[in-house]
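# Structural characterization, general
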Amino acid sequence: MYDHNAVKIYTDGSARPTNPGRGGIGIVVEYPDNMGLDNFELSEGYLLSTNNRMELMAVIRAMEWLEAESRGKKLARAIIITDSEYVYDHYKSAQYWKANGWRNGDGKPYENPDLWDIFLKQHRKLRFHNEIAWEKGKTREVLRRVDALAKQGSGNSTKTDHGYSGGKFTAPRTKSKKGATLFPAHGQDALIRIYKKRVYGKGDRQIYKVTFDLYDEGTKAYVEKHVAYLGKDCPDLKRNNCYRASFDSSAAFPRILVAEPVEYLKGT
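Residues numbered from 1 in each chain as written. Predicted model: local features only at pLDDT ≥ 70, side-chain atom pairs only at ≥ 80, totals over all residues. Heavy atoms only, no water.

What follows is about the packing of aromatic side chains. On inspection of all chains with the given rule, the structure shows 13 aromatic pairs. Residues Tyr86 and Trp116 carry aromatic rings whose centres are separated by 5.8 Å and whose planes lie at 55 degrees to one another, so their mutual orientation is tilted. With Tyr86 in helix H2 (residues 85-90) and Trp116 in helix H4 (residues 113-124), the pair connects residues that are 30 residues apart, well separated along the chain. Both residues of the pair, Tyr86 and Trp116, belong to the buried class. These aromatic residues form a ring-pair network of at least three members: Tyr86, Tyr88, Tyr91, Trp97, Tyr110, Trp116 and Phe119. Positioned over the ring face of Tyr222 is Arg193, at 3.7 Å from the centre of the ring. Across from the ring centre of Tyr195, 3.8 Å away, lies the NZ or CZ of Lys225, which sits over that ring. (Phe/Tyr/Trp six-rings, centres within 6.5 Å; stacked < 30°, edge-to-face > 60°. Helix = DSSP H or I, 4+ residues; strand = E, 2+ residues; numbered from the N terminus. Buried < 20%, exposed > 50% of the residue type's maximum accessible area, 1.4 Å probe, protein only. Lys NZ or Arg CZ within 6 Å of the ring centre and 35° of its normal.)

Formed by 34 residues in total, the largest nonpolar core has its most connected members in Val7, Ile9, Leu66, Ile80, Trp116 and Phe119. Contributions of two or more residues to this core are made by strand S1 (7-16), strand S2 (21-30), strand S3 (40-49), helix H1 (51-70), strand S4 (77-82), H2, helix H3 (94-99) and H4. Top contributing element to this core by residue count: H1, with ten residues. Apart from residues no more than four positions distant in its own chain, Phe119 is found in contact with Leu56, Val59, Ile60, Met63, Tyr91 and Ile132. Counting residues in each nonpolar core, the second largest holds 17 residues, with Ile192, Ala228, Tyr243 and Phe247 among its members. (Core = buried A, V, L, I, M, F, W, Y, C linked by side-chain atoms within 4.5 Å. Contact = heavy atoms within 4.5 Å.)

Our next topic: the pattern of salt bridges. Once the charged atoms of two side chains with opposite charge are near each other, the side chains can pair. By the definition in use, this model includes 20 salt bridges. Linking Arg140 and Glu135 is a salt bridge whose minimum nitrogen-to-oxygen distance equals 2.8 Å. The salt bridge partner of Lys197 is Asp236, with a shortest N-O separation of 2.8 Å. Placement of the pair is Lys197 in strand S7 (residues 189-200) and Asp236 in the loop between strand S9 (221-230) and strand S10 (242-247), with a sequence separation of 39 residues. Classification of Lys197 as partly exposed rests on a relative accessible area of 29%. Via salt bridges that share partners, Asp3, Arg77 and Glu131 belong to a single interconnected network. (Salt bridge = Lys/Arg side-chain N within 4 Å of Asp/Glu carboxyl O.)

Turning next to helix H5 (residues 141-154). With 14 residues, H5 extends 20 Å between its outermost C-alpha atoms, agreeing within 8% with the 20 Å of an ideal straight helix rising 1.5 Å per residue. The complete set of buried residues in H5 reads Val142, Leu143, Val146, Asp147, Leu149, Ala150, Gly153 and Ser154. Summarising the axial view, the buried residues of H5 lie within an arc of 155 degrees, below the 170-degree limit, and thus occupy one face. Structurally, H5 contributes buried residues whose contacts are with S1, S2 and S3. (Expected span 1.5 Å × (residues − 1). Arc of directions from axis to C-beta.)

This is the structure in structure tokens:
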């Protein structure tokens, strides 16, 4: 199907369980038979991203791998195979998008300019013949394997997709070292006691991440420890203070929209 003398790199990206969600990328490298080398595989997970960003990120990582590999081996040709129509339909246009300041004829911004800019810079570093091809996903064993690697990555998210805006911010972690879990927000109110607060980012990208104890009014006890983020209109919350908090409906990036102070809640 492809040139037998070319290095073939199959790529895939995933965002689960929703889009946006936990991101993952997968890469499978097939060397030409005459090189006598085993396949190489890569799986990476990102805390919060989108499917299109992960598809593009996988291609970028494939090019980075090619650049590093070419330093020690003589590579004559490489083919990067993606199942993403988003990547395949637009990768030749990215250079023109950049020349126009990443805006179309109507002045509207193109999506993901940060990754497309990295794509262009990385592509220029490849000093041998290479191309990008499209193939429908999961139609062959190698394509099913790279799909599994991308999903595996999204299930083991450790990296941060710094360019994903998710409202302006990227969730730094989904679980704290002390066992706090991401709050399952669905538009509910809850009584909370602030346990810890951290600041991420700078300037207009700054965001507060708070760890809090969830109070159960029925048992009059603190039952769980969770993590959420403060919406831009939410006032600052003080450590060890108690609040009745109203959450948004984002399970992937829960935010406290409004918080009203309440008397200290005694509980175990």
